[in-house]
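Here is what each chain is made of, one letter per residue.
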Amino acid sequence: MKAARRAAFPPNWWARLGWALMAVYVVYAAHRLGFVPERFATGLAHGQRFLARMFPPNFDRWGLIQSGIIESIQIAVIATVAGILLALPLGFLAARNLMPPSISWSARAFIALCRSFHPIIVAILFVKAIGFGALAGILALVVASVGFIAKLFAEAIEEISLKQVEAVRATGAGFLAILIMGVVPQVLPRFIGFSTYQLDSNLRNSTMVGIVGGGGIGATLFTAYQRFDFDVVLAILIVIVAMIMLAEIVSGWARRVFQ
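Residues numbered from 1 in each chain as written. Predicted model: local features only at pLDDT ≥ 70, side-chain atom pairs only at ≥ 80, totals over all residues. Heavy atoms only, no water.

1. A short note on the pattern of salt bridges
For side chains bearing opposite charge, pairing can occur when the charged atoms are close. Evaluation of the coordinates by the stated rule reveals 2 salt bridges. Put simply, Glu155 and Lys151 hold a salt bridge, and the shortest N to O gap is 3.1 Å. Within this pair, Glu155 and its partner Lys151 are both found in helix α6 (residues 134-158), separated by 4 residues, close to a single helical turn. With relative accessibility at 27%, the residue Glu155 sits in the partly exposed group. What makes Lys151 partly exposed here is its relative accessible area of 26%. With a shortest N-O distance of 2.4 Å, Arg204 and Asp200 are connected by a salt bridge. On the criterion of helical spacing, the pair formed by Arg204 and Asp200 is a turn pair, its members being 4 residues apart in helix α8 (residues 175-211). (Salt bridge = Lys/Arg side-chain N within 4 Å of Asp/Glu carboxyl O. Helix = DSSP H or I, 4+ residues; strand = E, 2+ residues; numbered from the N terminus. Buried < 20%, exposed > 50% of the residue type's maximum accessible area, 1.4 Å probe, protein only.)

Below, the structure is given as structure tokens:
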């Protein structure tokens, strides 16, 4: 009696049903949100006219653009440094292989709170609390930096080898010495990578928080939009792209130096 032939790749009907339901929901959601071909075609026409008004870029207001870029860089650097200084001890407290559950889970709850809201929402809250200006943008990006760096730093600590930690503890070293000699050397390259990435992220986010009153080049960009100076808008966007590309080069150099 011949054995029944088995298909090399048997169909997964549950997966097919799931994909079919997902496709149906995408069509339904697009219809509910008004995503129709006619509206998309109209938007393309408006976008073409908008882009035509942006060229050529106008750098006549270079002094204003330069001051906005410098302020954005200052906001990003200060927020990153402050965020690192706050995230470093918080990451140690959130590491479950170093701290008791009561401390680690409390620290993780605070980190989750910092990560719960987008920097723009946090910037709006600070603008309402302390007024317009760079300070509101700095505080908003500090919150974002703490949430990002502390979480990844805690996870990096939880992945370390405890053999080095036990070797340092066997010498009779105290808890602080164990952290410095047994934990930090294992996570320092990754921590540098997290920090440089956050600096790059804060440079981008500094333009967004400025739109809601957090200072920096975002405020200049929003003013240009309101005045319909789209050629100035393009000039500002070009400068922002150049700033981000330069930050990427510096971040890569920093990672190579410390790794």
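2. A few points about the side chain of Ser72
Position of Ser72 relative to the elements: it lies in helix α3 (residues 62-94). Residue class for Ser72 comes out buried when judged on its relative accessible area of 0%.

3. Section: the confidence of the model for the chain
Mean pLDDT over the chain: 82, with 95% of residues reaching 70 or higher. Looking across the chain, the model is least confident in helix α7 (residues 162-170), with a mean pLDDT of 74, and most confident in helix α1 (residues 13-32), with 89. (pLDDT = per-residue confidence, 0-100.)

4. Thoughts on a nonpolar patch on the surface
On the surface, a cluster of nonpolar side chains totalling about 640 Å² of accessible area is made up of Trp19, Met22, Tyr25, Val26 and Tyr28. Position of Tyr28 among the secondary structure elements: in helix α1. (Patch = residues over 30% accessible without salt bridge, like charges linked within 9 Å, V, L, I, M, F, W, Y side chains within 5 Å. Areas by Shrake-Rupley, 256 points an atom, 1.4 Å probe, with all protein chains shown as cover.)

5. What to know about unusual backbone geometry
Even without glycine at this site, Phe228 takes up a positive phi of about 60 degrees. Tracing the backbone through its elements, the reader meets Phe228 in the loop between α9 (217-226) and α10 (230-258). Taking relative accessible area as the criterion, Phe228 reaches 55% and is therefore assigned exposed.

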